[in-house]
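Coordinate inspection notes
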Amino acid sequence: MASSALRSSILRHIRIPVSQTLTLNGSTKLGSVRFMSSHDDHLDKEEVIARVLDVVKSFPKVDPAKVTPDVHFQKDLGLDSLDTVEIVMALEEEFKLEIPDKEADKIDSCHLAIEYVYNHPMAG
């Protein structure tokens, strides 16, 4: 029973092989391509922007009126590095992501947060 549930869970995230015609050097080849995806619907950029801004606006030390897609956490909002870590953690929770520390350290503005989330294949 457990293997059936695991199989079902895995198959929900795999796309079916598609036959495509490939032309190389004038020679036509018929091949099979398998696309792998964690989910079928990638987030729309406008949705990412809205959700990132909502996370930042809901942070207790932030004046929501100052939050824009280009705002810098420390320079514009007066947050310290610990506050920035807390915002990144809130973004991880919001988008169901795990952001590696090396990447998290680079996210110091709404713009960088939006770009990171939008370009992350697992963001949900």
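Residues numbered from 1 in each chain as written. Predicted model: local features only at pLDDT ≥ 70, side-chain atom pairs only at ≥ 80, totals over all residues. Heavy atoms only, no water.

**Some thoughts on the overall build of the protein**
Scanning the protein from terminus to terminus reveals 5 helices and 2 strands. What you see in the protein, going N to C, is helices and strands ordered as α-β-β-α-α-α-α. With 124 residues in all, the protein has 29% of them scored as buried. A fraction of 48% describes how many contacts in the protein between residues 6 or more apart in sequence connect residues 24 or more apart. (Helix = DSSP H or I, 4+ residues; strand = E, 2+ residues; numbered from the N terminus. Buried < 20%, exposed > 50% of the residue type's maximum accessible area, 1.4 Å probe, protein only. Contact = heavy atoms within 4.5 Å.)

**Observations regarding the packing of helix H2 (residues 45-57) against helix H3 (residues 81-95)**
Between H2 and H3, the shortest axis-to-axis distance is 10 Å and the interhelical angle comes to 135 degrees. What the angle tells us is that H2 and H3 run oblique. Regarding H2 and H3, the two cross each other, and that crossing is right-handed. Across the interface between the two elements, Val48, Arg51, Val52, Val55 and Val56 of H2 pack against Ile87, Ala90, Leu91, Glu94 and Phe95 of H3. Split by residue class, the contact of H2 with H3 holds 8 nonpolar, no polar and 2 charged. (Axes fitted to C-alpha atoms, helices over the stretch in contact; angles between N-to-C directions. Parallel < 35°, antiparallel > 145°, perpendicular 65-115°, else oblique. Left-handed = near helix turned anticlockwise from the far one by under 90°. Nonpolar A, V, L, I, M, F, W, Y, C, P; charged D, E, K, R; others polar.)

**Let's talk about the side chain of His72**
Position of His72 among the secondary structure elements: in the loop between H2 and H3. A polar side-chain atom of His72 sits 3.2 Å from a polar atom in the side chain of Asp108. Excluding residues within four positions of it along the chain, His72 makes contact with Leu77, Asp108 and Ser109. (Polar contact = N/O pair within 3.5 Å; in protein donor to acceptor, adjacent residues only side chain to side chain.)

**Side note on the nonpolar core**
Counting residues in hydrophobic clusters, the biggest one holds 28 residues, and the most contacted among them are Val52, Val56, Val67, Phe73 and Leu77. Elements represented by at least two residues in this core include exactly H2, H3 and helix H5 (110-119). It is H2 that provides the largest number of residues to this core, a total of 6 residues. If near-sequence neighbours (up to four positions away) are discounted, Val52 is found in contact with Leu91, Phe95, Cys110, Ala113 and Ile114. (Core = buried A, V, L, I, M, F, W, Y, C linked by side-chain atoms within 4.5 Å.)

**A word on the confidence of the model for the protein**
Here the protein averages 79 in pLDDT, and 67% of its residues register 70 or above. Low pLDDT, under 50, characterises residues 29-40; the predicted model gives this stretch 31 contacts beyond four residues in sequence or across chains. (pLDDT = per-residue confidence, 0-100.)

**Notes on H2**
Since the α-helix advances by 3.6 residues per turn, residues separated by three or four positions end up pointing in the same direction. Taking 1.5 Å of rise per residue, the 13 residues of H2 would be expected to cover 18 Å, and the 18 Å separating its terminal C-alpha atoms lies within 8% of that figure. What H2 keeps buried is the set Val48, Ile49, Arg51, Val52, Leu53, Val55 and Val56. N-capping of H2 is provided by Asp44, with a side-chain oxygen placed 3.0 Å from the backbone N of Glu46. (Expected span 1.5 Å × (residues − 1).)

**Considering unusual backbone geometry**
One non-glycine residue, Lys96, adopts positive backbone phi at about 55 degrees. With respect to the helices and strands, the residue Lys96 is situated in the loop between H3 and helix H4 (101-104). When its relative accessible area of 68% is taken as the criterion, Lys96 is described as exposed.

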